Amino acid sequence: MTSCEEVIEKLRAKLLKGEPFSKTDEHNFKELCELTGWTEEDVRNALISNKTPSFHKYFTEARRLELWLKKEEAARKLWGAVTALLCNNIKEVCVLEVVSVEPLVTHAKTLYCYADSLPTEGFRRRWEKCIKLFNEVVEKKGGLIEEKRAERKRKLEEICKLYERARDLLEEIEIEIEELVKENDKRDFIHYSEDDFTPLRLRRRELEYQTDKGYEVFVDKDGAIYLCRKDGTIIAER
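The residue numbers shown here count from 1 along each chain, following its written sequence. The predicted origin of the model limits local features to residues at a pLDDT of at least 70 and limits the giving and counting of side-chain atom pairs to 80 or more, whereas totals for whole chains, interfaces and linings rest on all residues. Calculation of side-chain values draws on the structure's entire complement of heavy atoms; hydrogens and water are dropped beforehand.

Structural notes on the overall build of the protein chain
Alright, step 1. Helix and strand counts for the protein chain come out as 10 helices and 6 strands.
Alright, step 2. Exposure categories follow from relative accessible area, calculated using a 1.4 Å probe and restricted to protein chains: below 20% of the type maximum is buried, above 50% is exposed, and the middle band is partly exposed. Expressed as a percentage of its 238 residues, the buried residues of the protein chain come to 38%.
Alright, step 3. The criterion used for residue contact is that any of the two residues' heavy atoms lie within 4.5 Å. Contacts spanning at least 24 positions in sequence make up 50% of the contacts within the protein chain whose residues lie at least 6 apart.
Alright, step 4. Accessible area for the protein chain stands at about 15,000 Å²; split by element, carbon and sulfur atoms hold 50% of it. Secondary structure elements follow DSSP: runs of H or I of four or more residues count as helices, runs of E of two or more count as strands, with numbering from the N terminus. Surface accessibility follows the Shrake-Rupley procedure with a 1.4 Å probe radius. Residue values consider only the protein chains on display as shielding.

Considerations on the packing of aromatic side chains
Alright, step 1. Any two rings among Phe, Tyr and Trp, with Trp reduced to its six-membered ring, count as a pair given centres within 6.5 Å; such a pair is stacked if its planes are under 30 degrees apart, edge-to-face if over 60, and tilted if neither. Going through the model one piece at a time under the given rule, you end up with 5 aromatic pairs.
Alright, step 2. Each ring, one from Phe59 and one from Phe134, has its centre 4.3 Å from the other, and the planes form 5 degrees; the classification is stacked. Of this pair, Phe59 sits in helix 4 (residues 55–67) while Phe134 sits in helix 9 (residues 120–140), and the two are 75 residues apart along the sequence. Taken as a pair, Phe59 and Phe134 share a single burial class, namely buried.
Alright, step 3. Judged by centre distance (5.8 Å) and plane angle (25 degrees), the rings of Phe123 and Trp127 are stacked. Taken together, the residues Phe123 and Trp127, both in helix 9 and 4 residues apart, mark about one turn of the helix.
Alright, step 4. Here a set of aromatic residues connected by ring pairs shows up, and it is made of Phe55, Phe59 and Phe134.

A short note on the pairing of strand 6 (residues 234–237)
Alright, step 1. At least two bridges found by DSSP between two strands are what make those strands a pair. Of the pairings in the sheet, the one linking strand 5 (residues 225–228) to strand 6 comprises 3 bridges and is antiparallel in character. Looking at the pairing, Cys228 lines up with Ile234 of strand 6.
Alright, step 2. Taking the residues that link successive antiparallel strands as the turn, the strand 5-strand 6 hairpin has 5 residues, and the phi of Gly232 there is positive, at about 95 degrees.

Describing the pattern of salt bridges
Alright, step 1. The term salt bridge refers to a pairing of a side-chain nitrogen on Lys or Arg with a carboxyl oxygen on Asp or Glu at a separation within 4 Å. Here the structure, examined in full by the defined rule, presents 12 salt bridges.
Alright, step 2. A salt bridge links Asp25 to Lys10; its shortest N-O distance comes to 3.8 Å. Taken as a pair, Asp25 in helix 2 (residues 23–36) and Lys10 in helix 1 (residues 3–17) lie far apart in primary sequence, 15 residues in all.
Alright, step 3. For Lys10, a relative accessible area of 43% puts it in the partly exposed group.

A look at unusual backbone geometry
Alright, step 1. Here the phi dihedral of Asn50 falls at roughly 65 degrees; this positive angle occurs in a residue that is not glycine.
Alright, step 2. Summarising the element assignment, Asn50 is placed in the loop between helix 3 (40–49) and helix 4.
Alright, step 3. We classify Asn50 as partly exposed; its relative accessible area is 35%.
Alright, step 4. At Leu69, a residue that is not glycine, the phi angle is positive and equals roughly 65 degrees.
Alright, step 5. Mapping Leu69 onto the fold places it in the loop between helix 4 and helix 5 (71–86).
Alright, step 6. Residue classification places Leu69 among the exposed positions, given a relative accessible area of 60%.

Let's talk about the environment of Lys77
Alright, step 1. In this structure, Lys77 sits in helix 5.
Alright, step 2. Separated by 12 residues in the primary sequence, Lys77 and Leu65 place their C-alpha atoms 8.5 Å from one another.
Alright, step 3. Ignoring sequence-local partners within four residues, the contact set of Lys77 consists of Thr39, Tyr58, Glu61, Ala62 and Leu65.

Here's the deal with the packing of helix 1 against helix 3
Alright, step 1. Look at helix 1 against helix 3: their axes get within 9 Å of each other, and the N-to-C directions meet at 90 degrees. In terms of orientation, helix 1 lies roughly perpendicular with respect to helix 3. Side by side, helix 1 and helix 3 meet where Ile8, Leu11, Arg12, Leu15 and Leu16 of the first sit next to Arg44, Ala46, Leu47 and Ile48 of the second.
Alright, step 2. Lys, Arg, Asp and Glu make up the charged group, whereas Ala, Val, Leu, Ile, Met, Phe, Trp, Tyr, Cys and Pro make up the nonpolar group; the residues left over, Gly among them, are polar. Its residues assigned to classes, the contact of helix 1 with helix 3 comprises 7 nonpolar, no polar and 2 charged. Lines fitted to C-alpha atoms define the axes, with helix axes restricted to the stretch in contact, and inter-axis angles between N-to-C directions lie between 0 and 180 degrees. Relative orientations are named as follows: roughly parallel for angles under 35 degrees, roughly antiparallel for angles over 145 degrees, roughly perpendicular for angles from 65 to 115 degrees, and oblique for any other angle.

Here it is in structure tokens:
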């Protein structure tokens, strides 16, 4: 293994064991971030999962930063997109410049290293060349469809987790609401929307319910629950 690969194995082992980094480890970790062009979070994830981050995410961010004329940041994100595109795991980044025959690697690394010293026009010419080469490589690898699908799948999984958590929290809130209503009128009950666990309205981060007798229940953004008459008069709260 190269010294770079040995560093990766050492850092991975510490992360998996939950051990703190030494000063040397912190320095090596920062160097890995520089080498890959990835964020600290993505480098940590790559060390643990042995997978590279989404190149589409980095490429999109690079284009956005270039439009804002942030040359150094754009060049770094573009290099991050290149390493994520061409490498299957973080170890492959160590030898990418040695083993790759893609002109994109040389052009993108040069731009990454010298972005701050290039005049605007010179940077733009090299940038456009890199974008052209990047798109050519993506096309050879089958385009962005699979990558976009994978990214969409990851986001959907995150949404589902949040949705399940939100449902559990809403059920807890509704138990509180029902108890509050029963304390004031045991014959009353709550009207819900067609979905049996959601409130009638969600507005300005507030939940709104309605009882059988026309009373309204609000859960404000601070978590307070209010039982009110139609005119807004508060009858009870918790």
